[in-house]
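Here is how the chains run, residue by residue.
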Amino acid sequence: MSSFDIDLESKLHELQQAALEAFSTAANLAALDTLRVQFLGKRGQLTALLKGVGQLSAEQRPLFGKKVNTVKAVLATCLEQTQVLLHQKEEEAAIQAQRVDVTLEGRSQYVGQMHPLQIGLDEISGIFASMGFEIAHGPEIEDEFHNFDALNIPPEHPARAMHDTFFVKSDEKRVLRTHTSPVQIRSMLAGEPPLAIVAPGRVYRCDYDVTHSPMFHQVEVFLVDKDVNMAQLKGVLSQFLSIFFGKKVPLRMRPSYFPFTEPSAEVDIGCVFCDGKGCRVCKDTGWLEVLGSGMIHPNVLRSADIDPEVYSGFAFGLGVERMVMLKYGIPDLRLFFENDVRFLQEVGR
Ligand code: DAH
């Protein structure tokens, strides 16, 4: 070969080296493709070199052509391998970028639940329903007849005063019911004895301090039939209290006064915190006052068109807040109404 040929050949060799070097250090597929065009494209360096072929002799041309083909094949192989490598690299980078961090704490689902007082209301009503009492509801906006008169509460009774009762402004005869006892009257007027009713619901009194809320909850329970007596009242109460507190609780009845019962009794239970030994909650008496009860006053039966000579009945009313506080050891009434979810989720778990 002439010196010119050697020159051409060494240029070819240089080109191969440069291309191999460039391909193998390409940063990514796009850069590699630019290099491909640069070295092997129609207007690339190899094509430019091929232009010199015209100056070669007839025997040298095919030899040079062969060499060029070899270089092309070498470069094509290198290009292909690099492509595969870069493709893999890019895929891995994409997977890394989209990787899910399984060590991250999950976002827990927030599951709601009943308010502790609703849980208590349902629990209490459910126990009486299981004993055969029928669940009844009355209106929260009551009239004075059902809330007071028919319950033998005379007009001069202090419970009627503005101090305790919310009167409806537009209608002097209407009040926010101050207790669930009016459901006694409504049920008796609507039905015939025997009547065994449990009436849960909201009641209202103009009272607000550490132990009183202007809205609170009561459950009224009563039975009207022939020959109803106080022993039955005590039996139903002790059965209910044992189921509700999940243990046998001692019970005592103290004489008391309510306009709608005669005789009337205040019911105490053995302190559920100290089992009657005496503690802060029961003020060292061993007893907790939980509800009012008695035999339905003849005047009440008469107001509801029931003959007291034929029928008698017992009744009691309990405060739901107090019962739930005692059962779950809740120290402060206000917790029920502050809507702190940490508290609300504790009861009934
Ligand atoms: N209604 C009474 C109150 O709200 C509670 C009560 C006491 C209901 C004695 C009764 C009962 O049925 O017999 O304070």
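Residues numbered from 1 in each chain as written. Predicted model: local features only at pLDDT ≥ 70, side-chain atom pairs only at ≥ 80, totals over all residues. Heavy atoms only, no water.

## A word on the site of the ligand
Right, so step 1: In the region of the ligand, 15 residues are neighbours, and His179, Ser181, Arg205, Gln218 and Glu220 sit closest.
Right, so step 2: One of the side-chain nitrogen or oxygen atoms of serine 181 is found 3.0 Å away from a nitrogen atom of the ligand.
Right, so step 3: Within the side chain of glutamine 184, an N or O atom sits 3.4 Å from an oxygen atom of the ligand.
Right, so step 4: In isolation the ligand has 350 Å² of accessible area, and contact with the protein removes 89% of it.
Right, so step 5: Residue assignment for the shell around the ligand shows that the elements contributing at least two residues are β5 (215-225), β8 (287-296) and β9 (312-319).
Right, so step 6: Split by residue class, the shell around the ligand holds four nonpolar, nine polar and two charged. (Near = heavy atom within 4 Å. Polar contact = N/O pair within 3.5 Å; in protein donor to acceptor, adjacent residues only side chain to side chain. Areas by Shrake-Rupley, 256 points an atom, 1.4 Å probe, with all protein chains shown as cover. Helix = DSSP H or I, 4+ residues; strand = E, 2+ residues; numbered from the N terminus. Nonpolar A, V, L, I, M, F, W, Y, C, P; charged D, E, K, R; others polar.)

## Considering the domain arrangement of the protein
Right, so step 1: The domains assigned to the protein are domain 1 (3-97) and domain 2 (116-346).
Right, so step 2: Here the C-alpha centre of domain 2 lies 97 Å away from the C-alpha centre of domain 1. (Domains from an automatic or database assignment.)

## Examining the pattern of salt bridges
Right, so step 1: A full pass over the atoms with the stated rule returns 12 salt bridges.
Right, so step 2: Linking glutamate 289 and arginine 254 is a salt bridge whose minimum nitrogen-to-oxygen distance equals 3.4 Å. Of this pair, glutamate 289 sits in strand β8 while arginine 254 sits in strand β6 (residues 251-258); the two residues are 35 residues apart in sequence, bridging distant segments of the chain.
Right, so step 3: Judged by its relative accessible area of 43%, glutamate 289 falls in the partly exposed class. (Salt bridge = Lys/Arg side-chain N within 4 Å of Asp/Glu carboxyl O. Buried < 20%, exposed > 50% of the residue type's maximum accessible area, 1.4 Å probe, protein only.)

## Things to note about the pairing of β6
The side chains of a regular strand alternate between the sheet's two faces.
Right, so step 1: Examined bridge by bridge, β6 and strand β7 (residues 261-270) share seven bridges and lie antiparallel to one another. Of the residues in β7, the one forming a bridge with arginine 254 is glutamate 266.
Right, so step 2: Linking β6 back to β7 in an antiparallel pair, the connection comprises two residues. (Pairing = 2+ DSSP bridges.)

## As for the packing of helix α8 (residues 230-245) against helix α10 (residues 320-328)
Each pair of packed helices can be summarised by the angle the axes make with each other and by the distance between the axes.
Right, so step 1: Across the interface, α8 lies against α10 with an axial gap of 10 Å and an inter-helix angle of 50 degrees. In this view, α8 runs oblique relative to α10, as classed from their interaxial angle. Contacts between α8 and α10 pair Phe240, Leu241, Phe244 and Phe245 from the former with Met323, Leu326 and Lys327 from the latter.
Right, so step 2: In terms of residue class, the contact of α8 with α10 is built from six nonpolar, no polar and one charged. (Axes fitted to C-alpha atoms, helices over the stretch in contact; angles between N-to-C directions. Parallel < 35°, antiparallel > 145°, perpendicular 65-115°, else oblique. Contact = heavy atoms within 4.5 Å.)

## Some remarks on the state of the cysteines
Right, so step 1: Enumeration according to the criterion identifies zero disulfides in this entry.
Right, so step 2: Distance from the sulfur of cysteine 271, which forms no disulfide, to the nearest cysteine sulfur (cysteine 274) is 3.6 Å.
Right, so step 3: For cysteine 271, a relative accessible area of 1% gives the class buried.
Right, so step 4: In this structure cysteine 279 is not part of a disulfide, and its nearest cysteine sulfur, from cysteine 274, lies 3.7 Å away.
Right, so step 5: Assessed through its relative accessible area of 18%, cysteine 279 is described here as buried. (Disulfide = S-S within 2.5 Å.)

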